[in-house]
Amino acid sequence: MGPRRTFWLALLTYGLLSIATFAPTASASQPGSVAGTVGSAVLVAGAGYALVEPERAGGPEGWNLVVVAAVTGAALFALGVLVGAV
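Okay, the packing of helix α1 (residues 3-22) against helix α2 (residues 31-52) next. Orientation of α1 relative to α2, taken along the N-to-C sense of each, is 155 degrees, at an axis distance of 8 Å. Put simply, α1 runs roughly antiparallel to α2. Classified by chirality, the crossing of α2 by α1 is left-handed. Along the contact surface, α1 presents R5, W8, L9, L11, L12, Y14, G15, L16, S18, I19 and F22, while α2 presents S33, G36, T37, S40, A41, L43, V44, A47, G48, A50 and L51. Grouping the amino acids of the contact of α1 with α2 by side-chain chemistry returns 14 nonpolar, 7 polar and 1 charged.

Shown next, in the form of structure tokens:
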């Protein structure tokens with residue numbers, strides 16, 4: 001798996017976990033949760049498109065700090081969701 005695909009998979013994972021975190025509390029009385037859910041859905045849509053059309057979407061060409069940051073951030077967020085810290 002190349003760096004571009006890894007980058008977009010990390011963002012897709014982060015977006016899906018964010019939806020799982022924000023969506024249960026989203027209501028009209030909590031606009032922050034609604035905005036978080038909508039923003040996460042946009043991220044999932046963009047990352048999904050990038051995985052289907054990687055040449056049109058672009059992304060990192062090599063293994064660099066951007067890829068490492070995306071993977072590390074998604075992994076730490078997943079860990080936080082699993083232990084209930086988020």
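Before going further, it helps to examine the confidence of the model for the chain. Overall, the prediction assigns the chain a mean pLDDT of 92, with 99% of residues at 70 or greater. Summarising per-element confidence for the chain, the mean pLDDT is lowest in helix α3 (residues 54-57) (90) and highest in helix α4 (residues 65-83) (95).

Moving on: the side chain of R4. Locating R4 in the fold gives a position in helix α1. By relative accessible area, R4 is classed as buried at 13%. Of the polar contacts made by the side chain of R4, one reaches the backbone oxygen of P54; its length is 3.2 Å.

Moving on, we get to a nonpolar patch on the surface. Nonpolar side chains collect at one region of the surface, where L76, L79, L82 and V83 lie side by side and expose about 460 Å² of accessible area between them. Structurally, V83 is set in helix α4. Residue V83 is classed as exposed on the basis of its relative accessible area, which comes to 62%.

Another aspect to go through is the nonpolar core. Counting residues in hydrophobic clusters, the biggest one holds 11 residues: F7, W8, A10, L12, V44, A47, A50, L51, V67, A70 and A74. For this core, the secondary structure elements donating two or more residues are α1, α2 and α4. Setting aside chain neighbours within four positions, we find F7 in contact with P60, V66, V67 and A70.

Looking now at the pattern of salt bridges. As enumerated under the stated definition, the model contains 2 salt bridges in all. Notably, a salt bridge pairs R4 with E55, separated by 3.6 Å at the nearest N-O pair. Taken together, the positions of R4 in helix α1 and E55 in helix α3 put the pair 51 residues apart, joining distant regions of the chain. Between R4 and E61 there is a salt bridge, with its nearest N and O atoms 2.2 Å apart. Taken as a pair, R4 in helix α1 and E61 in the loop between α3 and α4 lie far apart in primary sequence, 57 residues in all. Residues joined in a network through salt bridges with shared partners are R4, E55 and E61.

Reading guide: rules and limits
Residues numbered from 1 in each chain as written. Predicted model: local features only at pLDDT ≥ 70, side-chain atom pairs only at ≥ 80, totals over all residues. Heavy atoms only, no water. Axes fitted to C-alpha atoms, helices over the stretch in contact; angles between N-to-C directions. Helix = DSSP H or I, 4+ residues; strand = E, 2+ residues; numbered from the N terminus. Parallel < 35°, antiparallel > 145°, perpendicular 65-115°, else oblique. Left-handed = near helix turned anticlockwise from the far one by under 90°. Contact = heavy atoms within 4.5 Å. Nonpolar A, V, L, I, M, F, W, Y, C, P; charged D, E, K, R; others polar. pLDDT = per-residue confidence, 0-100. Buried < 20%, exposed > 50% of the residue type's maximum accessible area, 1.4 Å probe, protein only. Polar contact = N/O pair within 3.5 Å; in protein donor to acceptor, adjacent residues only side chain to side chain. Patch = residues over 30% accessible without salt bridge, like charges linked within 9 Å, V, L, I, M, F, W, Y side chains within 5 Å. Areas by Shrake-Rupley, 256 points an atom, 1.4 Å probe, with all protein chains shown as cover. Salt bridge = Lys/Arg side-chain N within 4 Å of Asp/Glu carboxyl O. Core = buried A, V, L, I, M, F, W, Y, C linked by side-chain atoms within 4.5 Å.

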